Amino acid sequence: MHLTPEQEKMLEGEHGEMIAKMMRLLVRLGDVYNASKMIPVASVQVAGVSYKSIGDAGLEFLQDIAREARVKVLTFLNPAGMDLENWREMGIDEGFAKKQAAIIEAFKKMGIVISATCTPYLAGNLPRYRQHIAWSESSAVSFANSVIGARTNREGGPSALAAAITGFTPYYGLHLDENRQSNVIVEVKAELKTSTDFAAMGHYVGREVKKGIPYFKGIKNADVDDLKGLGAAIAASGAIALYHAEGITPEAKEVNIEGLEKIEFGEEEKRETYERLNTGEEEDIIIFGCPHASLKEIIKISKLVEGRKARKPFWICTSRAVKEIAERMELDEKISKAGGKIVADTCMVVSPIEKLFSTTAVNSAKAAHYLPGFCKQKVIFKSMEELLL
Ligand code: F3S
């Protein structure tokens with residue numbers, strides 16, 4: 001792989017042993033994928049933040065890095081295992097909270113923005129079209145690649161940290177034009193009435209296509225929340241980090257779809273996906289915000305429940321930035337009167353909810369996909385309106 005003189009110096013340890021170590025990791029990764037060079041990244045999003053996911057070994061690894069290295073580019077964090085301020089209200093125990101705080105402290109020392117969200121693009125880290133970035137969390141990667149048209153592979157925790165500390169990533173995979181072409185057309189025949197329908201479609205397509213880049217034809221309209229739910233689901237049930245949607249996503253018009261295989265998402269496939277994801281009977285809690293809720297979604301929920309109690313207690317997971325605006329608008333008060341809570345910095349999958357609940361209702365196909373395995377939950381998967389009213 002070609003390295004610039006600056007990158008060579010980093011590799012040889014002129015900027016310290018930790019930077020050399022991070023550069024070695026990136027060079028090895030680039031060699032595996034035959035990268036021709038390293039490219040600068042505009043921003044990074046690091047996964048592996050929850051103590052539930054990384055444990056003591058992960059904490060020590062981060063503390064070692066934090067002793068020596070600082071990030072060079074705007075770097076955000078994925079959700080942590082708890083609301084970093086109101087963890088007691090979530091029922092988190094003291095031991096877990098201490099470890100989680102130590103992880104956050106290590107990231108802070110590295111100069112990382114203590115954002116803890118899977119929607120960095122809604123909270124202050126918005127890349128532009130064609131910009132190279134190194135993001136980790138699969139729904140954020142899908143959104144950045146597909147909806148914004150930025151370019152990122154799905155980074156693991158260590159390779160994202162290495163990109164943050166060196167400012168570079170190897171030039172391979174979805175950074176290259178030729179790897180962003182679709183390999184299958186999805187004919188959308190089902191009516192998509194809610195974000196949950198979009199998420200169900202993502203789950204179906206991820207399962208069918210598994211790997212590759214689907215090209216959706218026939219989506220009549222979609223807002224940002226629909227697309228974030230679609231991308232999250234498609235990346236959960238399949239290893240799909242990019243999709244194109246005709247007339248909606250920016251690169252769709254650059255894709256040659258002639259002669260591609262076709263699959264269909266119709267009413268039958270939609271019904272079958274809802275059936276597959278519904279494994280529970282009666283929920284203990286309803287949790288929204290996978291991916292993290294937008295302000296628009298929080299406004300919608302607060303209007304739905306205004307002046308009434310929701311069917312069950314509910315949480316809305318979101319970023320701290322969005323939560324603060326919701327509080328300024330006093331939406332948290334309306335939500336609290338209806339039996340809800342806005343929870344920041346974390347989510348239903350990376351926090352230890354298995355200690356609190358056994359059946360969780362969600363409107364997210366990604367959450368429905370992971371909750372049984374990660375959190376031993378039975379799941380109810382329905383639209384926001386059906387769950388609340
Ligand atoms: Fe985000 Fe957690 Fe879902 S990280 S995409 S809310 S599983």
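Going along each chain's sequence as written, the residues are numbered from 1 onward. Residues qualify for local features only when their pLDDT is at least 70, as the model is predicted, and side-chain atom pairs are given and counted only at 80 or more; totals for whole chains, interfaces and linings, by contrast, use all residues. Water and hydrogen atoms were dropped before computing side-chain values, which therefore reflect all heavy atoms in the structure.

A short note on the pattern of salt bridges
Salt bridge criterion: a side-chain nitrogen from Lys or Arg within 4 Å of a carboxyl oxygen from Asp or Glu. Throughout the structure, instances matching the rule amount to 33 salt bridges. Across the pair Glu137 and Lys366 runs a salt bridge whose closest N-O atoms are separated by 2.5 Å. Placement of Glu137 in the loop between strand E4 (134–135) and helix H5 (138–148) and of Lys366 in helix H13 (residues 365–375) is noted, with a sequence separation of 229 residues between them. Of the two residues, Glu137 and Lys366, neither departs from the other in class, the shared state being buried. Between Glu251 and Arg180 there is a salt bridge whose closest N-O contact spans 2.7 Å. Placement of Glu251 in the loop between strand E8 (244–245) and strand E9 (261–265) and of Arg180 in the loop between strand E5 (168–170) and strand E6 (184–188) is noted, with a sequence separation of 71 residues between them. Take Glu251 and Arg180: they sit in the same class, and that class is buried. Because the salt bridges share partners, they merge into one network encompassing Asp83, Glu85, Arg320, Lys323, Glu327 and Asp345. Helix and strand definitions here come from DSSP, where helices need a minimum of 4 consecutive H or I residues and strands a minimum of 2 consecutive E residues; each element is numbered from the N-terminal end. Burial classes follow relative accessibility: with a 1.4 Å probe on protein chains only, a residue under 20% of its type's maximum area counts as buried, one over 50% as exposed, and anything between as partly exposed.

Thoughts on the sheet that holds E4
Two strands are counted as paired when DSSP detects at least two bridges linking them. One open sheet holds the 3 strands; their spatial order is E3-E2-E4, and the pairing between them is parallel. Whereas interior strands pair on both sides, the edge strands pair on one side only; in this sheet they are strand E3 (74–77) and E4. Across 2 bridges, strand E2 (residues 43–46) lies against E4 in parallel orientation. Counted as the bridge partner of Val44 is Ala134 from E4.

Here's the deal with helix H8 (residues 224–237)
Here, expected helix span is obtained from the residue count minus one, scaled by 1.5 Å. Across its 14 residues, H8 extends 20 Å between first and last C-alpha, which sits within 8% of the 20 Å expected from 1.5 Å per residue. Of all 14 residues in H8, 13 are buried, a share of seventy percent or more. Polar contacts, as counted here, are pairs of nitrogen or oxygen atoms within 3.5 Å of one another; within protein the pair requires one atom able to donate a hydrogen and one able to accept it, and residues that are adjacent in sequence qualify only if both atoms are side-chain atoms. Regarding H8, its N-cap is Asp223, as a side-chain oxygen of that residue lies 3.0 Å from the backbone nitrogen of Asp225 further along.

Considering the site of the ligand
Each residue is tested against the molecule or strand, and it is near if at least one of its non-hydrogen atoms lies within 4 Å. Around the ligand, the neighbouring residues are Pro79, Cys118, Glu137, Ser139, Gly289, Cys290, Pro291, Cys347, Val349 and Lys366. The start and end points of each domain follow an automatic or database-based domain assignment. Two domains each provide a minimum of three residues to the shell around the ligand, namely domain 1 (5–177) and domain 3 (278–388).

Regarding empty space enclosed by the protein
In this analysis the probe radius is 1.4 Å and the grid spacing 1 Å, with only protein atoms considered; a cavity is a set of points the probe fits into but cannot get out of, a pocket is an open set with protein on both sides within 12 Å along at least five of seven lines, and lining residues have an atom within 4 Å of a point. Grid points are joined across faces, edges and corners, and a volume is the space filled by probe spheres set on the points. Across all of its chains, the model carries 1 cavity of 30 Å³ or more by this definition. If you add up the space inside the largest cavity, you get close to 120 Å³. Taken together, 16 residues form the lining of the largest cavity, with Lys228, Cys290, Glu297, Asn363 and Ser364 sitting closest to its centre. Of all the elements in the fold, those that place two or more residues in the lining of the largest cavity are helix H7 (195–209) and H8. Here the term charged refers only to Asp, Glu, Lys and Arg, the term nonpolar to Ala, Val, Leu, Ile, Met, Phe, Trp, Tyr, Cys and Pro, and the term polar to all other amino acids, Gly among them. Residue classes in the lining of the largest cavity are distributed as 7 nonpolar, 6 polar and 3 charged.

Considering the side chain of Asp345
For Asp345, the position within the fold is in the loop between strand E12 (340–344) and strand E13 (359–362). Polar side-chain contacts of Asp345 include one of 2.5 Å to the side chain of Arg320. Should any heavy atoms of two residues lie within 4.5 Å, those residues are considered in contact. If sequence neighbours within four positions are ignored, Asp345 has contacts with Pro79, Ala80, Met82, Asp83, Leu84, Glu85, Ser115, Ala116, His292, Thr318 and Arg320.

Considering the environment of Ala42
In this structure, Ala42 sits in the loop between strand E1 (38–40) and E2. Take Ala42: its relative accessible area is 31%, and that puts it in the partly exposed class. Expressed as a C-alpha distance, the spacing of Ala42 and Val255, which sit 213 residues apart in the sequence, is 25 Å. With residues near it in sequence (within four places) discarded, Ala42 still touches Val73, Leu74, Gln131, His132 and Ile133.

Everything listed here is a matter of geometry and, on its own, says nothing about what the molecule does.
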